[in-house]
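# Observations on the model geometry
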Amino acid sequence: MKRDAKRGTWRMVHAERAALVADLARLEAGRWDTPSLCTGWTVHEVAAHLVDTALTTRLGFLAGLVRARFDFDLQNARGVERWRGASPEETLERLRRVVSRTSTPPAPLDTRLVEEVVHGEDIRRVVGLDRVYPQEAVGRALRLQVRTPAAFGGAKEQVASVRLTATDADLSLGEGPEAAGPALSLLLAVSGRRVALDDLDGPGVAVLAGATA
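To keep things clear, this report deals only with the structure shown in the data block.

Rules used in this analysis
Residues numbered from 1 in each chain as written. Predicted model: local features only at pLDDT ≥ 70, side-chain atom pairs only at ≥ 80, totals over all residues. Heavy atoms only, no water. Helix = DSSP H or I, 4+ residues; strand = E, 2+ residues; numbered from the N terminus. Buried < 20%, exposed > 50% of the residue type's maximum accessible area, 1.4 Å probe, protein only. Contact = heavy atoms within 4.5 Å. Areas by Shrake-Rupley, 256 points an atom, 1.4 Å probe, with all protein chains shown as cover. Lys, Arg positive; Asp, Glu negative; His and termini not counted. Charge placed at Lys NZ, Arg CZ, Asp CG, Glu CD. Core = buried A, V, L, I, M, F, W, Y, C linked by side-chain atoms within 4.5 Å. Pairing = 2+ DSSP bridges. Salt bridge = Lys/Arg side-chain N within 4 Å of Asp/Glu carboxyl O. Axes fitted to C-alpha atoms, helices over the stretch in contact; angles between N-to-C directions. Parallel < 35°, antiparallel > 145°, perpendicular 65-115°, else oblique. Left-handed = near helix turned anticlockwise from the far one by under 90°. Nonpolar A, V, L, I, M, F, W, Y, C, P; charged D, E, K, R; others polar.

### Examining the overall build of the protein chain
- Helices and strands together make up the secondary structure of the protein chain, namely nine helices and three strands.
- Moving toward the C terminus, one meets the helices and strands of the protein chain in the order α-α-α-α-α-α-α-β-β-β-α-α.
- Considering only C-alpha atoms, the protein chain reaches an extent of 45 × 35 × 35 Å along its principal axes.
- Burial status across the protein chain gives 51% buried among its 213 residues.
- Look at the contacts in the protein chain between residues 6 or more apart in sequence, and 61% of them connect residues 24 or more apart.
- Looking at the protein chain as shown, the accessible area adds up to about 10,700 Å², and 52% of this sits on carbon and sulfur atoms.
- Here the protein chain carries 29 positive and 28 negative side-chain charges, and the mean point of each set is 8 Å from the other.

### Topic: the nonpolar core
- Ranked by size, the top nonpolar core spans 35 residues in total, and within it Val138, Leu142, Leu164, Leu187, Val190, Leu200 and Leu208 carry the most contacts.
- Mapped by element, the contributors of at least two residues to this core are helix H1 (3–25), helix H6 (111–127), helix H7 (135–147), strand S1 (163–166), helix H8 (183–190) and helix H9 (204–211).
- Examining the composition of this core, we find that seven residues originate from one element, H8, more than from any other.
- The residues contacting leucine 208, other than those within four sequence positions of it, are Val159, Val162, Leu164, Ala179, Ala189, Val190, Leu197 and Leu200.
- Counting 22 residues, the second largest nonpolar core, distinct from the first, contains Val51, Leu95, Val98 and Ile123.

### Here we look at the pairing of S1
- With four bridges connecting them, S1 and strand S3 (residues 178–181) associate as parallel partners. Note on S3: the bridge partner recorded for leucine 164 is alanine 179.
- In the sheet, S1 pairs with strand S2 (residues 172–173) via two bridges, with the strands oriented antiparallel. Directly across from threonine 165, in S2, lies its bridge partner serine 172.
- Where S1 folds back on S2, the antiparallel hairpin that results is connected by five residues.

### Structural notes on the pattern of salt bridges
- The tally for this structure, following the rule as stated, stands at 16 salt bridges.
- Its salt-bridge partner being glutamate 90, residue arginine 94 comes within 2.8 Å of it at the nearest N-O pair. Separated by four residues within a single helix, arginine 94 and glutamate 90 lie in helix H5 (residues 88–97), roughly one turn from each other.
- Using a relative accessible area of 22% as the deciding quantity, one classes arginine 94 as partly exposed.
- Of the charged contacts, one joins arginine 140 and glutamate 136 as a salt bridge, the two residues approaching to 3.2 Å between their closest N and O atoms. Here arginine 140 and its partner glutamate 136 are both found in helix H7, four residues apart, which amounts to about one turn of the helix.
- With a relative accessible area of 17%, arginine 140 lands in the buried category.
- The partly exposed category is assigned to glutamate 136, whose relative accessible area is 47%.
- Sharing partners across several salt bridges, the network here consists of Asp23, Arg26 and Arg124.

### Quick word on the packing of helix H3 (residues 58–67) against helix H4 (residues 72–83)
- Viewed as axis vectors pointing N to C, H3 and H4 meet at an angle of 110°, and their least axial separation amounts to 9 Å. In terms of orientation, H3 lies roughly perpendicular with respect to H4. Both H3 and H4 take part in a crossing whose hand is right-handed. Across the interface between the two elements, Phe61, Gly64, Leu65 and Arg67 of H3 pack against Phe72, Gln75 and Arg78 of H4.
- Among the residues forming the contact of H3 with H4, the class breakdown is three nonpolar, two polar and two charged.

### Considerations on the packing of helix H2 (residues 43–55) against H6
- Close contact between H2 and H6 brings their axes to 10 Å; oriented N to C, the two are set at 165°. In this view, H2 runs roughly antiparallel relative to H6, as classed from their interaxial angle. Regarding H2 and H6, the two cross each other, and that crossing is left-handed. Residues Val43, Val46, Ala47, His49, Leu50 and Thr53 of H2 form the contact with H6, whose own contacting residues are Arg112, Glu115, Glu116, His119, Ile123, Val126 and Val127.

Next comes the structure, spelled out in structure tokens:
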């Protein structure tokens, strides 16, 4: 990726981090224990995970994966435990401090957009917060998810026989029965957030529902 393109991507990532910090700053402390859309994690734990991923370096990721015996879920759980503060205020301050970080694990840079947008919605949708995400950020995150194998956190296999059509953007991906809806809902659906299926229409929705069951 060229230098200017990388800078543009990081600007989007930093903007999403800053927006989430601003939203969480006005969230009542008791709401941080709300179960998020990310199965098994509360709002507080998703926020801690975002601190962890913002701090992750290529070497640090590989070292952590080895220590976790190549158990990706265990590695993530340890990261949450490490960066979850004793209070929401402490975790929020940690998140605020990493807004402008530019470190990344050994993965395409657009994975940072997937992290910030999907986990941002994991939090916002369950506590009644709304955000209008930049169309470019959502579109790039969606394109990455549908070409990334499930083993690496994507949905390539799940959506191999579905055509995803965004109703709010010039974006259509894949072949097969159509699932149509807002690009953000398509991104959430292929990222395993079944609640987003309610936002979609078309015969391909049943295929997506089966793939994310």
